[in-house]
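Residue-level structural notes
The residues making up each chain are set out below.
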Amino acid sequence: MSLKVIPFKIPKSQKEFVRYQVDEGSHFYDKLHQHPEWQLTLILEGKGQLMVGDYLGRFEPGDIYLLSSNVPHVFRSDEEYFLKTNTIKSVSNTIFLDFEALGKGIWEVEEFLELRQWVNTIKGCYAIKGEIRESLKNRILSFGNKSGLEKVLSALEMIRNLQQSKAMEPLNRLIPIRDYSELEGKRMGHVMAFILAENHRNISLKEVADTANMSKEAFCRFFKDRTGKTYTEFLNELRIHKSCHLLQNTDMSISQIAYQAGFQNLSYFNRAFKKFRNETPKDFRRKIKFQS
């Protein structure tokens, strides 16, 4: 696994406003990255962890996310998608929007004033909920058949629908006031790649600070400033998301799941789980079985 943050380059010309992309493979691109284009992504197949800014959560088929410009993110597929024996797929359809390609002049046009104000307001990542999600899904699925002006108008219509709806659920609590510098990006890339690869075992603070080439004290400030969470809070949250996936999809015992998720102590796992989810692992599993 490469340990470098990628300032990702979308394969498009500088004068192209909208680009449609289908990603299909055993797993999604697994590096923390960012790009100046906005991103509207529909998950069709595959499950895993979405890490975007200070947010950490699960993604699954049917989910739709809108990401504004230069938000560090990664759709990290679950471990089973990386196995050589894997027969399941990860598929997503994405529309990339480059508002800079429209040029500065268009924002002076009166009819675009409302759109400009909205674009300047939207920061971070949003999950699309409610009734609009199904219609938006159908629009994204048919977007590959469009070209030229029809493609541009369809993209603007989707943006207009999102602008008018109340279906956008903000996922980020901490919105950075500036983009990562190259050095900060590389450091976060080292840290996140290391945590994602090694969270199944006990990781000391010194060990993760060393990956960023920082002292423990400096690393704690650096990490909290950019995620809004302490390293321990973030690591526990990552492990609890993993344990929820195991509780829901396996018959492993709770103690087995605790150790599989990276907790070294069952009682600590139970306390951390209840603090994060306001319920015990046993209650969570019982609720999931009842719902299904």
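Remember, predicted model here, so these are calculated numbers, not experimental data. (Residues numbered from 1 in each chain as written. Predicted model: local features only at pLDDT ≥ 70, side-chain atom pairs only at ≥ 80, totals over all residues. Heavy atoms only, no water.)

On to the pattern of salt bridges. A full pass over the atoms with the stated rule returns 17 salt bridges. Residue Glu 150 pairs with Lys 146 through a salt bridge whose shortest N-O separation is 3.6 Å. Residue class for Glu 150 comes out partly exposed when judged on its relative accessible area of 47%. Classification of Lys 146 by relative accessible area gives partly exposed; the value is 23%. A salt bridge links Lys 229 to Glu 237; the nearest nitrogen and oxygen atoms lie 2.8 Å apart. Judged by its relative accessible area of 11%, Glu 237 is buried. Because the salt bridges share partners, they merge into one network encompassing Glu 16, Arg 19 and Lys 151. (Salt bridge = Lys/Arg side-chain N within 4 Å of Asp/Glu carboxyl O. Buried < 20%, exposed > 50% of the residue type's maximum accessible area, 1.4 Å probe, protein only.)

Further remarks concern the environment of Ser 135. Summarising the element assignment, Ser 135 is placed in helix H2 (residues 132–142). Note: C-alpha distance between Ser 135 and His 73 (62 residues apart in sequence) is 25 Å. Separated by 2.9 Å, the side chain of Ser 135 and the backbone oxygen of Ile 132 make a polar contact. (Helix = DSSP H or I, 4+ residues; strand = E, 2+ residues; numbered from the N terminus. Polar contact = N/O pair within 3.5 Å; in protein donor to acceptor, adjacent residues only side chain to side chain.)

Pairing is antiparallel across the open sheet formed by six strands, whose spatial order is S2-S9-S4-S7-S10-S11. For this open sheet the edge positions go to strand S2 (18–25) and strand S11 (168–170), each flanked by a neighbour on one side alone. Strand-to-strand, the axes of this sheet are offset by a mean angle of 25 degrees, without reference to chain direction. Where strand S10 (residues 125–128) lies against S11, three bridges are found, and the strand directions are antiparallel. Note that in S11 the partner of Tyr 126 across the bridge is Pro 170. Strands S2, strand S4 (38–45), strand S7 (64–67), strand S9 (90–97) and S10 of the sheet are contacted by H2, whose axis makes an angle of about 95 degrees with S4. Together, S2, S4, S7, S9, S10 and S11 form the strand contacts of helix H3 (residues 148–164), whose direction differs from that of S9 by roughly 95 degrees. (Pairing = 2+ DSSP bridges. Axes fitted to C-alpha atoms, helices over the stretch in contact; angles between N-to-C directions. Contact = heavy atoms within 4.5 Å.)

A few words on helix H1 (residues 113–121). Where H1 is concerned, the buried positions are Leu 115, Trp 118 and Val 119. Along H1, the residues classed as buried sweep out an arc of 100 degrees about the axis, all on the same side. (Arc of directions from axis to C-beta.)

Turning to the packing of helix H7 (residues 231–249) against helix H9 (residues 266–277), a few remarks are in order. Packing of H7 against H9 brings their axes to within 10 Å, and their N-to-C directions diverge by 95 degrees. By the angle class used here, H7 and H9 are roughly perpendicular. In this structure, H7 uses Thr 232, Asn 236, Glu 237, Ile 240, His 241, Ser 243, Cys 244 and Leu 247 to contact H9, whose residues at the interface are Tyr 268, Phe 269, Ala 272, Phe 273, Phe 276 and Arg 277. (Parallel < 35°, antiparallel > 145°, perpendicular 65-115°, else oblique.)

On to the nonpolar core, then. What tends to happen in soluble globular proteins is that the nonpolar side chains get buried as a cluster. By size, the foremost hydrophobic cluster in this structure holds 27 residues, and its most contacted members are Leu 40, Leu 97, Trp 118, Ile 128 and Leu 162. Taken together, the elements giving at least two residues each to this core come down to S4, S7, S9, H1, S10, H2 and H3. Tallying contributions element by element places H3 first for this core, with four residues. Excluding its chain neighbours within four sequence positions, the residues that come into contact with Trp 118 are Trp 38, Leu 66, Ile 159, Leu 162, Gln 163 and Met 168. Within the second largest apolar cluster, 22 residues are counted, among which are Met 51, Val 74, Tyr 231 and Leu 238. (Core = buried A, V, L, I, M, F, W, Y, C linked by side-chain atoms within 4.5 Å.)

Looking now at the packing of aromatic side chains. Enumeration according to the criterion identifies 17 aromatic pairs in this entry. Plain terms: the ring middles of Phe 223 and Tyr 231 are 6.2 Å apart, the flat faces sit at 85 degrees to each other, and that makes the pair edge-to-face. In terms of burial, Phe 223 and Tyr 231 fall into one category: buried. Through pairs of rings, three or more aromatic residues link up here, namely Phe 17, Trp 38, Phe 99, Trp 107, Phe 112 and Trp 118. Looking at Arg 239, its charged tip hangs above the ring of Phe 263, at a distance of 6.0 Å from the centre. (Phe/Tyr/Trp six-rings, centres within 6.5 Å; stacked < 30°, edge-to-face > 60°. Lys NZ or Arg CZ within 6 Å of the ring centre and 35° of its normal.)

Of all the residues in helix H10 (residues 281–291), the buried ones are Pro 281, Phe 284, Arg 285 and Ile 288. Take H10 and look down its axis: the buried residues cluster within an arc of 95 degrees, on one side only. Among the exposed residues of H10, those pointing more than 90 degrees away from its buried face are Lys 282 and Phe 290. In the core, the buried residues of H10 are packed alongside H7, helix H8 (254–260) and H9.

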